[in-house]
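# Understanding the architecture of this molecule
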Amino acid sequence: MKEYRGKINGEGKRVGIVVAQFNELVTSRLLSGALNELQKLGVSEDNIMVAWVPGAFELPRAAKQLATAQKVDGIIALGAVIRGETSHYDYVCSETARGLAQVSLNSSVPVMFGVLTTDNLEQAINRAGGKAGNKGSECAAGVLQMISLDEWVKM
């Protein structure tokens, strides 16, 4: 039996981050967590590309553009969708998740889903560096692990 656990080493890796501007109070914290973690794990600042988009719904398109350009080894998508009084929340969450999954499955570049889907602002802040950790940091380690797995499979 062959078993592999991806290595979390960012040396020489190129990472793209797509970030939603909507709910920037939250997404800027997610981005900060991701950037700090990537640098701790050895990714050079010169090897990190950050693209801001209007909202979570636009994340899949930006991720697809990065993946197609083949300038990055992995992508982190960061956003925050907070439930409101209408069904808009359900559509945005569903289509954002579906779109990012399609990019990850249909390209050679892994995509980490760092989009918070919460009932209120307090929950979002708790997941963006508060008492529940920082999803951006988690995605940084995860994307490096997935890049490593992709490299192992190609051996």
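Structure shown above.
Residues numbered from 1 in each chain as written. Predicted model: local features only at pLDDT ≥ 70, side-chain atom pairs only at ≥ 80, totals over all residues. Heavy atoms only, no water.

Within the secondary structure, E37 is located in helix α1 (residues 24-40). Setting aside chain neighbours within four positions, we find E37 in contact with S137, A140 and A141. (Helix = DSSP H or I, 4+ residues; strand = E, 2+ residues; numbered from the N terminus. Contact = heavy atoms within 4.5 Å.)

A few words on unusual backbone geometry. In this structure, N23 takes a positive phi of about 65° despite not being glycine. For N23, a relative accessible area of 24% corresponds to the partly exposed category. For Q70, which is not glycine, the phi dihedral falls at a positive 55°. A residue is classified by how much of its surface remains accessible, and Q70, at 59% relative accessible area, is exposed. (Buried < 20%, exposed > 50% of the residue type's maximum accessible area, 1.4 Å probe, protein only.)

Our next topic: the nonpolar core. Membership of the largest hydrophobic core comes to 22 residues, with the highest contact counts inside it found for I17, L38, I76, L78 and V143. Residue assignment for this core shows that the elements contributing at least two residues are β1 (15-20), α1, β3 (74-82), β4 (111-118) and α5 (135-154). Setting aside anything within four residues of it in sequence, one finds L78 in contact with I17, V18, V19, A20, L30, L31, A34, L59, G114, V115 and G136. The next biggest cluster of nonpolar side chains, apart from the first, holds 20 residues, and it includes I75, V92, V109 and V111. (Core = buried A, V, L, I, M, F, W, Y, C linked by side-chain atoms within 4.5 Å.)

Turning our eyes to something else, we now look at the pairing of β4. With six of eight residues buried, β4 is to be regarded as a mostly interior element. As paired strands, β3 and β4 are joined by eight bridges and run parallel to one another. When the sheet's bridge partners are listed, G79 is paired in β4 with V115. With helix α3 (residues 88-106) bridging β3 and its parallel neighbour β4, the resulting β-α-β unit is right-handed. (Pairing = 2+ DSSP bridges. Right-handed = clockwise from strand over helix to strand, strands pointing away.)

This part covers the sheet that holds strand β2 (residues 48-53). Overall, parallel pairing links the four strands, which are arranged β2-β1-β3-β4 in an open sheet. Two strands lie at the open edges of the sheet, namely β2 and β4, each paired on one side alone. Adjacent strand axes in the sheet meet at a mean angle of 15° when their direction is disregarded. (Axes fitted to C-alpha atoms, helices over the stretch in contact; angles between N-to-C directions.)

The gaps left among the atoms become clear once a water-sized probe is rolled over them. Here the largest pocket defines a volume of roughly 240 Å³. Surrounding the largest pocket, 16 residues form its lining, F22, N23, V81, H88 and V92 being those nearest its centre. Breaking the lining of the largest pocket down by element, the ones donating at least two residues are β3 and α3. Tallied by class, residues from the lining of the largest pocket come to eight nonpolar, five polar and three charged. The calculated volume of the second largest pocket comes to roughly 180 Å³. What lines the second largest pocket is R14, A67, Q70, V72, D73, S108, V109, P110, I147, D150, E151 and K154. Looking at the lining of the second largest pocket, the element that brings in the most residues is α5, giving four residues. For the lining of the second largest pocket, the residue count by class is five nonpolar, two polar and five charged. (1 Å grid on protein atoms, 1.4 Å probe; cavity = no way out; pocket = protein on both sides within 12 Å on 5 of 7 lines; lining within 4 Å. Points joined across faces, edges and corners; volume = space filled by probe spheres on them. Nonpolar A, V, L, I, M, F, W, Y, C, P; charged D, E, K, R; others polar.)

A few words now on the pairing of β2. Here six bridges tie β1 to β2, and the two strands are oriented parallel to one another. Within β2, the residue paired with A20 across the bridge is V53. Taken together, β1, α1 and β2 constitute a β-α-β crossover, and its handedness is right-handed.

Inspection of the secondary structure assignment puts K13 in the segment before β1. A residue is classified by how much of its surface remains accessible, and K13, at 14% relative accessible area, is buried. When sequence neighbours within four positions are dropped, the list of residues in contact with K13 reads V43, N47, D73, L144, I147 and E151.

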